[in-house]
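Examining the three-dimensional arrangement
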Amino acid sequence: MIKGTTKLLGVIGHPIAHSLSPAMHNAAIAHLGVDFVYLPLPVKPQDLKAALVGFGAIDLRGFSITIPHKQAILPLLADVSPIARAIGAVNTVYRTDKGWCGTNTDVEGFLAPLQTSPTPPCSGGAEDDRPALESSDSPLYQATARGGSDWSQKVAVILGNGGAARAVVAGCAQLGCAEIHVVGRNAQNLAEFHDSWVTSPMPVQNLQVHTWDNLSMLMSQADLLVNTTPVGMYPHGEKSPVSAVALDRISAGAIVYDLIYTPNPTQFLKDAQLRGARAIDGLEMLVQQGAAALKIWLDTESVPVDVMRQALREHLGLD
Ligand code: NAP
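Owing to the predicted nature of the structure, the values given are computational and were not obtained by experimental measurement.

1. Describing the state of the cysteines
Summed over all chains, the structure comprises 0 disulfides. Here Cys172 is not disulfide-linked; the sulfur of Cys177 is the nearest cysteine sulfur, at 4.6 Å. The exposure class assigned to Cys172 is buried, which follows from its relative accessible area of 0%.

Right under this line is the structure:
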(Lines give C-alpha, C1' and ligand atoms only; values in the text may rest on other atoms or scores of the structure.)
Protein backbone atom coordinates (compact mmCIF):
# COMPACT_ATOMS: atom_id res chain seq x y z
CA MET A 1 0.00 0.00 0.00
CA ILE A 2 1.32 3.46 -0.88
CA LYS A 3 1.23 5.80 2.13
CA GLY A 4 2.49 9.27 2.98
CA THR A 5 5.70 7.71 4.24
CA THR A 6 6.36 5.50 1.22
CA LYS A 7 9.89 5.86 -0.16
CA LEU A 8 10.38 6.11 -3.89
CA LEU A 9 12.48 3.99 -6.25
CA GLY A 10 12.15 3.79 -10.01
CA VAL A 11 13.56 3.18 -13.45
CA ILE A 12 14.38 5.90 -15.97
CA GLY A 13 14.41 5.42 -19.71
CA HIS A 14 12.86 6.58 -22.94
CA PRO A 15 10.67 4.75 -23.77
CA ILE A 16 10.00 3.02 -20.45
CA ALA A 17 6.58 1.42 -20.89
CA HIS A 18 8.14 -1.96 -21.84
CA SER A 19 10.29 -2.17 -18.70
CA LEU A 20 10.06 -5.40 -16.71
CA SER A 21 11.72 -3.84 -13.66
CA PRO A 22 8.58 -2.47 -11.91
CA ALA A 23 6.96 -5.95 -11.84
CA MET A 24 10.14 -7.55 -10.50
CA HIS A 25 10.97 -4.93 -7.86
CA ASN A 26 7.42 -4.32 -6.61
CA ALA A 27 6.96 -8.07 -6.13
CA ALA A 28 10.09 -8.11 -3.95
CA ILE A 29 8.97 -4.99 -2.05
CA ALA A 30 5.55 -6.51 -1.36
CA HIS A 31 7.14 -9.76 -0.21
CA LEU A 32 9.50 -7.96 2.14
CA GLY A 33 6.72 -5.70 3.47
CA VAL A 34 8.96 -2.62 3.31
CA ASP A 35 7.57 0.88 2.78
CA PHE A 36 8.87 1.44 -0.77
CA VAL A 37 7.41 1.61 -4.25
CA TYR A 38 9.23 1.27 -7.59
CA LEU A 39 7.91 3.40 -10.45
CA PRO A 40 8.49 3.71 -14.21
CA LEU A 41 9.89 7.23 -14.75
CA PRO A 42 9.88 8.35 -18.40
CA VAL A 43 12.78 10.77 -18.95
CA LYS A 44 13.67 12.16 -22.38
CA PRO A 45 17.40 12.47 -23.20
CA GLN A 46 17.32 16.28 -23.07
CA ASP A 47 15.66 16.18 -19.61
CA LEU A 48 18.15 13.93 -17.84
CA LYS A 49 19.97 16.65 -15.90
CA ALA A 50 16.74 18.32 -14.77
CA ALA A 51 15.28 14.94 -13.81
CA LEU A 52 18.23 14.25 -11.51
CA VAL A 53 17.71 17.56 -9.72
CA GLY A 54 14.00 16.79 -9.40
CA PHE A 55 14.70 13.29 -8.05
CA GLY A 56 16.79 14.90 -5.32
CA ALA A 57 13.97 17.34 -4.53
CA ILE A 58 11.41 14.56 -4.06
CA ASP A 59 13.87 12.38 -2.12
CA LEU A 60 13.91 9.46 -4.57
CA ARG A 61 16.08 6.83 -2.88
CA GLY A 62 17.53 5.25 -6.01
CA PHE A 63 16.77 4.22 -9.55
CA SER A 64 17.61 1.87 -12.40
CA ILE A 65 18.69 3.20 -15.77
CA THR A 66 17.87 1.86 -19.17
CA ILE A 67 18.27 3.05 -22.76
CA PRO A 68 19.22 5.80 -23.66
CA HIS A 69 20.71 7.09 -20.38
CA LYS A 70 23.21 4.41 -19.33
CA GLN A 71 26.24 6.27 -20.69
CA ALA A 72 24.89 9.83 -20.65
CA ILE A 73 24.42 9.84 -16.89
CA LEU A 74 28.10 9.23 -16.08
CA PRO A 75 29.26 12.88 -16.03
CA LEU A 76 26.20 13.93 -14.01
CA LEU A 77 26.98 11.70 -11.02
CA ALA A 78 28.97 12.60 -7.90
CA ASP A 79 30.68 9.21 -7.93
CA VAL A 80 30.89 6.21 -10.25
CA SER A 81 32.09 2.75 -9.21
CA PRO A 82 35.22 1.32 -10.88
CA ILE A 83 33.18 -1.45 -12.52
CA ALA A 84 30.72 1.04 -14.04
CA ARG A 85 33.66 3.14 -15.28
CA ALA A 86 35.27 0.08 -16.84
CA ILE A 87 32.03 -0.92 -18.55
CA GLY A 88 31.33 2.70 -19.48
CA ALA A 89 27.71 2.45 -18.36
CA VAL A 90 25.64 2.83 -15.19
CA ASN A 91 22.50 0.79 -14.58
CA THR A 92 21.93 1.54 -10.87
CA VAL A 93 21.99 4.90 -9.04
CA TYR A 94 21.76 5.42 -5.28
CA ARG A 95 22.02 8.32 -2.85
CA THR A 96 24.95 9.01 -0.56
CA ASP A 97 26.10 12.09 1.35
CA LYS A 98 28.14 13.01 -1.73
CA GLY A 99 25.07 12.97 -3.98
CA TRP A 100 24.01 10.52 -6.69
CA CYS A 101 26.37 7.56 -7.12
CA GLY A 102 26.30 5.13 -10.02
CA THR A 103 27.29 1.52 -10.40
CA ASN A 104 26.64 -1.36 -12.74
CA THR A 105 25.13 -4.62 -11.50
CA ASP A 106 25.12 -6.38 -14.90
CA VAL A 107 28.44 -8.11 -14.17
CA GLU A 108 27.07 -9.53 -10.94
CA GLY A 109 23.93 -10.57 -12.81
CA PHE A 110 25.92 -12.23 -15.58
CA LEU A 111 28.16 -14.10 -13.16
CA ALA A 112 25.47 -15.35 -10.80
CA PRO A 113 24.36 -18.39 -12.86
CA LEU A 114 28.02 -19.30 -13.42
CA GLN A 115 28.87 -19.21 -9.74
CA THR A 116 25.86 -20.55 -7.89
CA SER A 117 26.11 -24.07 -6.56
CA PRO A 118 24.68 -26.53 -9.02
CA THR A 119 21.32 -28.16 -8.74
CA PRO A 120 21.82 -31.27 -10.84
CA PRO A 121 19.52 -31.19 -13.85
CA CYS A 122 16.86 -33.87 -14.20
CA SER A 123 17.83 -36.64 -16.56
CA GLY A 124 15.78 -37.04 -19.72
CA GLY A 125 12.73 -39.31 -19.85
CA ALA A 126 12.63 -42.69 -21.56
CA GLU A 127 11.06 -41.36 -24.74
CA ASP A 128 13.57 -38.50 -25.00
CA ASP A 129 17.02 -39.01 -23.62
CA ARG A 130 18.26 -35.51 -24.36
CA PRO A 131 18.99 -33.55 -21.20
CA ALA A 132 16.16 -31.18 -20.33
CA LEU A 133 16.80 -27.58 -21.37
CA GLU A 134 17.17 -25.62 -18.19
CA SER A 135 14.80 -22.76 -17.61
CA SER A 136 15.52 -19.97 -15.20
CA ASP A 137 13.64 -21.89 -12.50
CA SER A 138 16.39 -24.41 -12.56
CA PRO A 139 19.13 -22.63 -14.44
CA LEU A 140 21.93 -24.78 -15.57
CA TYR A 141 24.28 -24.02 -12.75
CA GLN A 142 26.73 -26.52 -14.11
CA ALA A 143 29.58 -24.11 -14.58
CA THR A 144 30.86 -24.86 -11.15
CA ALA A 145 30.28 -28.54 -11.63
CA ARG A 146 32.13 -28.56 -14.92
CA GLY A 147 35.00 -26.29 -14.24
CA GLY A 148 34.96 -25.95 -10.49
CA SER A 149 35.71 -22.42 -9.50
CA ASP A 150 38.90 -22.51 -11.53
CA TRP A 151 38.41 -20.79 -14.84
CA SER A 152 42.12 -20.21 -15.39
CA GLN A 153 42.31 -22.75 -18.22
CA LYS A 154 39.00 -21.77 -19.80
CA VAL A 155 38.36 -19.96 -23.06
CA ALA A 156 35.43 -17.56 -23.35
CA VAL A 157 33.99 -16.55 -26.73
CA ILE A 158 31.61 -13.58 -26.73
CA LEU A 159 29.38 -12.79 -29.71
CA GLY A 160 28.81 -9.05 -30.17
CA ASN A 161 30.67 -6.00 -28.93
CA GLY A 162 27.93 -3.66 -27.73
CA GLY A 163 26.98 -2.52 -24.21
CA ALA A 164 26.11 -5.93 -22.76
CA ALA A 165 29.34 -7.41 -24.15
CA ARG A 166 31.29 -4.98 -21.95
CA ALA A 167 29.67 -6.41 -18.82
CA VAL A 168 30.35 -9.93 -20.08
CA VAL A 169 34.03 -9.16 -20.76
CA ALA A 170 34.35 -7.74 -17.24
CA GLY A 171 32.62 -10.85 -15.88
CA CYS A 172 34.89 -13.24 -17.79
CA ALA A 173 37.91 -11.29 -16.56
CA GLN A 174 36.61 -11.60 -12.98
CA LEU A 175 36.20 -15.33 -13.46
CA GLY A 176 39.86 -15.42 -14.48
CA CYS A 177 39.36 -16.92 -17.94
CA ALA A 178 42.61 -17.76 -19.72
CA GLU A 179 41.45 -16.24 -23.01
CA ILE A 180 38.59 -13.91 -23.85
CA HIS A 181 37.61 -13.65 -27.52
CA VAL A 182 35.07 -11.12 -28.76
CA VAL A 183 33.45 -11.57 -32.16
CA GLY A 184 31.89 -8.62 -33.99
CA ARG A 185 30.99 -7.42 -37.45
CA ASN A 186 32.78 -4.09 -37.64
CA ALA A 187 36.60 -4.15 -37.52
CA GLN A 188 36.88 -0.50 -36.50
CA ASN A 189 34.42 -0.93 -33.59
CA LEU A 190 36.25 -4.08 -32.54
CA ALA A 191 39.61 -2.30 -32.48
CA GLU A 192 38.13 0.50 -30.34
CA PHE A 193 36.51 -2.05 -28.07
CA HIS A 194 39.85 -3.81 -27.62
CA ASP A 195 41.76 -0.59 -26.94
CA SER A 196 39.20 0.60 -24.42
CA TRP A 197 39.89 -2.49 -22.29
CA VAL A 198 43.65 -2.14 -22.51
CA THR A 199 43.42 1.44 -21.18
CA SER A 200 40.51 0.73 -18.82
CA PRO A 201 40.64 1.40 -15.05
CA MET A 202 40.16 -2.37 -14.82
CA PRO A 203 42.38 -3.48 -17.71
CA VAL A 204 41.79 -6.77 -19.50
CA GLN A 205 44.98 -7.93 -21.20
CA ASN A 206 43.96 -11.38 -22.46
CA LEU A 207 41.28 -10.06 -24.80
CA GLN A 208 41.32 -10.72 -28.52
CA VAL A 209 38.84 -9.45 -31.08
CA HIS A 210 37.72 -11.15 -34.29
CA THR A 211 35.31 -10.73 -37.13
CA TRP A 212 32.67 -13.39 -37.65
CA ASP A 213 34.73 -15.33 -40.24
CA ASN A 214 36.92 -16.56 -37.35
CA LEU A 215 33.98 -17.98 -35.41
CA SER A 216 34.24 -21.50 -36.78
CA MET A 217 37.84 -21.76 -35.59
CA LEU A 218 36.98 -20.30 -32.17
CA MET A 219 33.99 -22.55 -31.68
CA SER A 220 35.98 -25.70 -30.98
CA GLN A 221 38.08 -23.86 -28.36
CA ALA A 222 35.16 -22.33 -26.47
CA ASP A 223 34.44 -23.50 -22.93
CA LEU A 224 32.00 -20.63 -22.52
CA LEU A 225 30.13 -19.16 -25.52
CA VAL A 226 28.00 -16.08 -24.83
CA ASN A 227 25.56 -14.39 -27.18
CA THR A 228 25.29 -10.66 -26.50
CA THR A 229 23.77 -9.80 -29.89
CA PRO A 230 20.00 -9.34 -30.22
CA VAL A 231 19.87 -12.04 -32.92
CA GLY A 232 17.11 -14.52 -32.04
CA MET A 233 15.21 -12.11 -29.80
CA TYR A 234 11.40 -11.91 -30.02
CA PRO A 235 9.79 -11.48 -32.57
CA HIS A 236 12.62 -13.13 -34.54
CA GLY A 237 12.79 -16.22 -32.37
CA GLU A 238 13.55 -18.53 -35.27
CA LYS A 239 16.95 -16.88 -35.81
CA SER A 240 20.26 -17.82 -34.20
CA PRO A 241 23.55 -15.88 -34.19
CA VAL A 242 25.47 -19.09 -35.00
CA SER A 243 24.82 -21.36 -37.98
CA ALA A 244 24.17 -25.06 -37.39
CA VAL A 245 27.44 -25.90 -39.17
CA ALA A 246 29.52 -23.62 -36.94
CA LEU A 247 27.74 -24.84 -33.82
CA ASP A 248 28.58 -28.44 -34.76
CA ARG A 249 32.13 -27.63 -33.64
CA ILE A 250 31.20 -26.78 -30.05
CA SER A 251 32.52 -29.21 -27.44
CA ALA A 252 29.96 -31.31 -25.64
CA GLY A 253 29.79 -29.88 -22.14
CA ALA A 254 30.72 -26.34 -23.15
CA ILE A 255 28.53 -23.72 -21.51
CA VAL A 256 26.39 -21.74 -23.93
CA TYR A 257 24.84 -18.59 -22.47
CA ASP A 258 22.33 -16.37 -24.25
CA LEU A 259 21.64 -12.95 -22.74
CA ILE A 260 18.28 -12.90 -24.50
CA TYR A 261 15.38 -13.80 -22.19
CA THR A 262 12.52 -13.86 -24.66
CA PRO A 263 11.89 -16.30 -26.27
CA ASN A 264 12.94 -18.59 -23.50
CA PRO A 265 14.81 -20.66 -24.51
CA THR A 266 16.15 -19.16 -27.71
CA GLN A 267 16.83 -21.15 -30.87
CA PHE A 268 20.56 -20.71 -30.18
CA LEU A 269 20.25 -22.42 -26.79
CA LYS A 270 18.08 -25.21 -28.19
CA ASP A 271 20.61 -25.88 -30.96
CA ALA A 272 23.50 -25.83 -28.50
CA GLN A 273 21.75 -28.20 -26.11
CA LEU A 274 21.14 -30.66 -28.95
CA ARG A 275 24.91 -30.74 -29.40
CA GLY A 276 25.54 -31.59 -25.77
CA ALA A 277 26.31 -28.06 -24.59
CA ARG A 278 25.06 -26.68 -21.30
CA ALA A 279 22.56 -23.81 -21.64
CA ILE A 280 21.97 -20.71 -19.55
CA ASP A 281 19.29 -18.21 -20.57
CA GLY A 282 19.22 -14.45 -19.98
CA LEU A 283 16.39 -14.39 -17.46
CA GLU A 284 18.64 -15.21 -14.53
CA MET A 285 21.01 -12.35 -15.38
CA LEU A 286 18.04 -9.99 -15.48
CA VAL A 287 16.82 -11.22 -12.10
CA GLN A 288 20.24 -11.13 -10.47
CA GLN A 289 21.22 -7.66 -11.70
CA GLY A 290 17.90 -6.43 -10.26
CA ALA A 291 18.47 -8.26 -6.98
CA ALA A 292 21.93 -6.70 -6.69
CA ALA A 293 20.42 -3.22 -7.19
CA LEU A 294 17.68 -3.81 -4.63
CA LYS A 295 20.30 -4.88 -2.07
CA ILE A 296 22.00 -1.51 -2.51
CA TRP A 297 18.80 0.55 -2.19
CA LEU A 298 17.40 -1.36 0.79
CA ASP A 299 20.84 -1.76 2.36
CA THR A 300 20.30 -5.45 2.96
CA GLU A 301 21.95 -8.68 1.84
CA SER A 302 18.64 -10.45 1.83
CA VAL A 303 16.27 -9.91 -1.10
CA PRO A 304 13.72 -12.49 -2.34
CA VAL A 305 15.34 -13.56 -5.60
CA ASP A 306 12.81 -16.37 -6.11
CA VAL A 307 9.92 -13.90 -5.87
CA MET A 308 11.61 -11.57 -8.35
CA ARG A 309 12.25 -14.43 -10.78
CA GLN A 310 8.67 -15.66 -10.52
CA ALA A 311 7.28 -12.15 -11.10
CA LEU A 312 9.33 -11.87 -14.27
CA ARG A 313 8.34 -15.31 -15.50
CA GLU A 314 4.66 -14.47 -14.99
CA HIS A 315 5.07 -11.09 -16.64
CA LEU A 316 6.75 -12.72 -19.65
CA GLY A 317 4.10 -15.46 -19.81
CA LEU A 318 6.66 -18.21 -19.22
CA ASP A 319 4.48 -20.09 -16.73
P1 NAP B 1 23.90 -3.13 -28.22
O2 NAP B 1 24.73 -2.23 -27.39
O3 NAP B 1 23.07 -2.55 -29.32
O4 NAP B 1 24.90 -4.22 -28.85
C5 NAP B 1 24.46 -5.22 -29.72
C6 NAP B 1 25.65 -5.91 -30.37
O7 NAP B 1 25.12 -6.93 -31.22
C8 NAP B 1 26.51 -5.00 -31.23
O9 NAP B 1 27.84 -5.40 -31.15
C10 NAP B 1 25.96 -5.26 -32.62
O11 NAP B 1 26.91 -5.12 -33.64
C12 NAP B 1 25.61 -6.73 -32.54
N13 NAP B 1 24.59 -7.08 -33.51
C14 NAP B 1 23.36 -6.51 -33.66
N15 NAP B 1 22.70 -7.11 -34.65
C16 NAP B 1 23.52 -8.06 -35.16
C17 NAP B 1 23.43 -9.00 -36.22
N18 NAP B 1 22.32 -9.09 -36.96
N19 NAP B 1 24.47 -9.81 -36.46
C20 NAP B 1 25.59 -9.73 -35.72
N21 NAP B 1 25.77 -8.85 -34.70
C22 NAP B 1 24.74 -8.03 -34.43
O23 NAP B 1 22.88 -3.96 -27.33
P24 NAP B 1 23.13 -4.49 -25.84
O25 NAP B 1 22.62 -3.50 -24.88
O26 NAP B 1 24.53 -4.95 -25.77
O27 NAP B 1 22.11 -5.74 -25.76
C28 NAP B 1 22.33 -6.86 -26.56
C29 NAP B 1 21.38 -8.00 -26.17
O30 NAP B 1 21.61 -8.39 -24.81
C31 NAP B 1 19.90 -7.63 -26.26
O32 NAP B 1 19.21 -8.75 -26.76
C33 NAP B 1 19.51 -7.37 -24.81
O34 NAP B 1 18.13 -7.63 -24.56
C35 NAP B 1 20.38 -8.40 -24.10
N36 NAP B 1 20.67 -8.03 -22.71
C37 NAP B 1 20.21 -8.86 -21.73
C38 NAP B 1 20.48 -8.56 -20.41
C39 NAP B 1 19.98 -9.47 -19.34
O40 NAP B 1 19.92 -9.06 -18.16
N41 NAP B 1 19.66 -10.71 -19.65
C42 NAP B 1 21.21 -7.40 -20.08
C43 NAP B 1 21.66 -6.57 -21.11
C44 NAP B 1 21.38 -6.90 -22.43
P45 NAP B 1 27.33 -3.66 -34.23
O46 NAP B 1 28.16 -3.03 -33.15
O47 NAP B 1 28.10 -4.01 -35.44
O48 NAP B 1 26.05 -2.95 -34.50
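2. A few points about the sheet that holds strand E8 (residues 179-184)
If you walk across this open sheet you meet the 6 strands as E9-E8-E7-E10-E11-E12, and the pairing is parallel. The two strands at the open ends of the sheet, each matched to only one other strand, are strand E9 (207-211) and strand E12 (278-280). Shown here is a sheet whose adjacent strand axes are inclined to one another by a mean of 20°, direction ignored. Relative to strand E11 (residues 255-258), strand E10 (residues 224-227) runs parallel, the two sharing 4 bridges. Bridging from a neighbouring strand, Leu225 pairs with Val256 of E11.

3. Some points on the site of the ligand
Taken together, 19 residues form the shell around the ligand, and within it Asn161, Ala164, Arg185, Leu259 and Gly282 come nearest. Within the backbone of Gly162, a nitrogen or oxygen atom sits 3.2 Å from an oxygen atom of the ligand. Contact with the protein chains covers 69% of the free accessible surface of the ligand, which is 930 Å². Those elements that place two or more of their residues in the shell around the ligand are helix H6 (163-175) and helix H11 (283-298).

4. Some remarks on the pattern of salt bridges
A full pass over the atoms with the stated rule returns 8 salt bridges. The salt bridge involving Asp59 is made with Arg61; its shortest N-O contact spans 3.0 Å. According to the relative accessible area criterion, Asp59 is partly exposed, its value standing at 36%. A salt bridge links Arg313 to Asp319, with the shortest nitrogen-to-oxygen separation between them at 3.2 Å. The class of Arg313 is buried, set by a relative accessible area of 5%. Among the charged side chains, a network of salt bridges with common partners joins Asp59, Arg61 and Arg95.

5. Let's talk about the nonpolar core
Counting residues in each nonpolar core, the largest one holds 33 residues, and the members touching the most others are Phe110, Leu114, Val169, Cys172, Leu224 and Tyr257. Broken down by secondary-structure element, the contributors of at least two residues to this core are helix H3 (82-87), helix H4 (106-115), strand E7 (155-159), H6, E8, helix H7 (187-198), E10 and E11. Ranked by residues supplied to this core, first place goes to H6 with 7 residues. Not counting chain neighbours up to four residues away, the residues in contact with Cys172 comprise Phe110, Ala156, Ile158, Cys177, Ile180 and Leu224.

6. Let's talk about the packing of aromatic side chains
Taken as a whole and judged by the stated rule, the model has 4 aromatic pairs. On the basis of an interplanar angle of 45° and a centroid distance of 6.0 Å, the ring pair of Tyr38 and Trp297 is categorised as tilted. Taken together, the positions of Tyr38 in strand E2 (residues 36-42) and Trp297 in helix H11 put the pair 259 residues apart, joining distant regions of the chain. Given the relative accessible area of 8%, Trp297 is considered buried.

7. What about the sheet that holds strand E5 (residues 92-96)?
Strand order in the open sheet formed by 6 strands is E2-E1-E3-E5-E6-E4, with mixed pairing between adjacent strands. What marks the edges here is a single partner per strand, and that holds for E2 and strand E4 (79-80). Packed on one face of the sheet, helix H1 (residues 21-32) meets strand E1 (7-13), E2 and strand E3 (62-65) and runs near 170° to E2. Helix-sheet contacts for helix H2 (residues 48-57) involve E1, E2, E3, E5 and strand E6 (99-103), and the interaxial angle to E6 is about 115°.

8. Here we look at the environment of Gly171
Tracing the chain through its elements places Gly171 in helix H6. Residue Gly171 is classed as buried on the basis of its relative accessible area of 0%. Not counting residues within four places of it along the chain, the set of residues in contact with Gly171 comprises Val107, Phe110 and Leu111.

Conventions used here
Residues numbered from 1 in each chain as written. Predicted model: local features only at pLDDT ≥ 70, side-chain atom pairs only at ≥ 80, totals over all residues. Heavy atoms only, no water. Disulfide = S-S within 2.5 Å. Buried < 20%, exposed > 50% of the residue type's maximum accessible area, 1.4 Å probe, protein only. Pairing = 2+ DSSP bridges. Helix = DSSP H or I, 4+ residues; strand = E, 2+ residues; numbered from the N terminus. Axes fitted to C-alpha atoms, helices over the stretch in contact; angles between N-to-C directions. Near = heavy atom within 4 Å. Polar contact = N/O pair within 3.5 Å; in protein donor to acceptor, adjacent residues only side chain to side chain. Areas by Shrake-Rupley, 256 points an atom, 1.4 Å probe, with all protein chains shown as cover. Salt bridge = Lys/Arg side-chain N within 4 Å of Asp/Glu carboxyl O. Core = buried A, V, L, I, M, F, W, Y, C linked by side-chain atoms within 4.5 Å. Contact = heavy atoms within 4.5 Å. Phe/Tyr/Trp six-rings, centres within 6.5 Å; stacked < 30°, edge-to-face > 60°.

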